[in-house]
Amino acid sequence: MSDVLHVKGRVLVGPDEVRDELWVVGGRISYERPRAGAGAHEVTTVTGWVLPGLVDAHCHVGLDAHGPVDDATSEKQALADREAGTLLIRDAGSPSDTRWIDGREDLPEVIRAGRHIARTRRYIRNYAHEIEPADLVEYVGREARRGDGWVKLVGDWIDREVGDLTACWPRAEVEAAIAEAHRLGARVTAHCFAEDSLRDLVEAGIDCVEHATGLTEDTIPLFAERGVAIVPTLVNIATFPKLATGGEAKFPRWSAHLRRLHERRYDTVRSAYDAGVPVYVGTDAGGSLPHGLVAAEVAELVKAGIPASAALSATTWGARAWLGRPGLEEGARADLVVYGEDPRADVSVLADPRRVVLAGRIRG
């Protein structure tokens, strides 16, 4: 007796392709009904609106506000993401070894960027390799070999002597480091809140920028021309006013800067999207934010003015293609989420999955 899952309703294979049903046989997607003579089947039927498993393209499993966490805490984080329908995570930097997750079919797939690489005393304590520019190429090479095709730099952070956000790396060292990552087959992304580091990073060949609140009318066309993606993490940018208040007495310039970046966050994201910059969904969960916020981030993109279909693609079809993972294609591993209503009509539906199917089994 083999288990077969029959999913009926509206299967959103792509933004413009909808099917009426699919079958899950042996953990894989099929659009052909299993043959009656192929063996006995116990069929479970699920009905609703079907999307590929959601993507959180900026998440941190194995990390909390203080640094690395134990495996039990990492498991809870991954389960919270799964319950929210996030079945594919790009882990944008973690000091913890979470390779054990790869052997667990009940947990989301994780694509790792290794550990953050930051300038000395220019990032959150216990998070990153903290190094000087002369060592950047070496550490990028190390993390390129350790990760799953990505490396994460900290592109800017507060400079205590200046009292504001400044770029962390000289242009020549960034160029050499990105070239080394590319030689090793890895893509490079960078944490960037402010304006100063963006042109150098893009012209040096970076593949993606996280947060990207410092985009301006001068740098947005450069991102679009080079095809550099952004992951805005708007649910994290919502914390800027609180951060600004907390640091105002000591760093008034930094606090005022954060407030300006926060005030224009929606205009920044919408302008980037309108210019053709690729935009993907990421929550920045695992630092100070809880896991499972993917639906809230999609809603934030829509609030910024991105069409609902594009915001959905940024966490489903488009995001999976960008990360090199299949969606609801024939023969793909059955990672999918079923909803009671059409998420294209109202993205808030994403907050209430009816069923979560991971590796062909109903997990929630």
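See the structure above.
So, a few notes on the structure that sits alongside this text. (Residues numbered from 1 in each chain as written. Predicted model: local features only at pLDDT ≥ 70, side-chain atom pairs only at ≥ 80, totals over all residues. Heavy atoms only, no water.)

Another point: helix 2 (residues 136-146). Leu136, Tyr139, Val140, Gly141, Glu143 and Ala144 are the residues of helix 2 that are buried. Summarising the contacts, the buried residues of helix 2 are in contact with strand 10 (117-119), strand 11 (129-131), strand 12 (150-154) and helix 3 (171-183). (Buried < 20%, exposed > 50% of the residue type's maximum accessible area, 1.4 Å probe, protein only. Helix = DSSP H or I, 4+ residues; strand = E, 2+ residues; numbered from the N terminus. Contact = heavy atoms within 4.5 Å.)

Tracing the sequence through the fold places Ser74 in helix 1 (residues 71-83). Not counting the four nearest positions on each side in its chain, Ser74 is found in contact with Val61, Gly62, Val69, Thr98 and Trp100.

Turning our eyes to something else, we now look at the packing of aromatic side chains. For the structure shown, the criterion picks out six aromatic pairs. Here a set of aromatic residues connected by ring pairs shows up, and it is made of Tyr123, Tyr127, Trp157, Phe193 and Phe240. Looking at Arg142, its charged tip hangs above the ring of Tyr139, at a distance of 4.2 Å from the centre. (Phe/Tyr/Trp six-rings, centres within 6.5 Å; stacked < 30°, edge-to-face > 60°. Lys NZ or Arg CZ within 6 Å of the ring centre and 35° of its normal.)

With that out of the way, let us pick up the environment of Ala92. Take Ala92: it is sitting in the loop between strand 8 (86-91) and strand 9 (109-112). Taking the C-alpha atoms as reference, Ala92 lies 7.8 Å from His116; in sequence the two are 24 residues apart. Leaving out residues up to four positions away in the same chain, Ala92 has contacts with His58, Cys59, His60, Ala113, His116 and Lys152.

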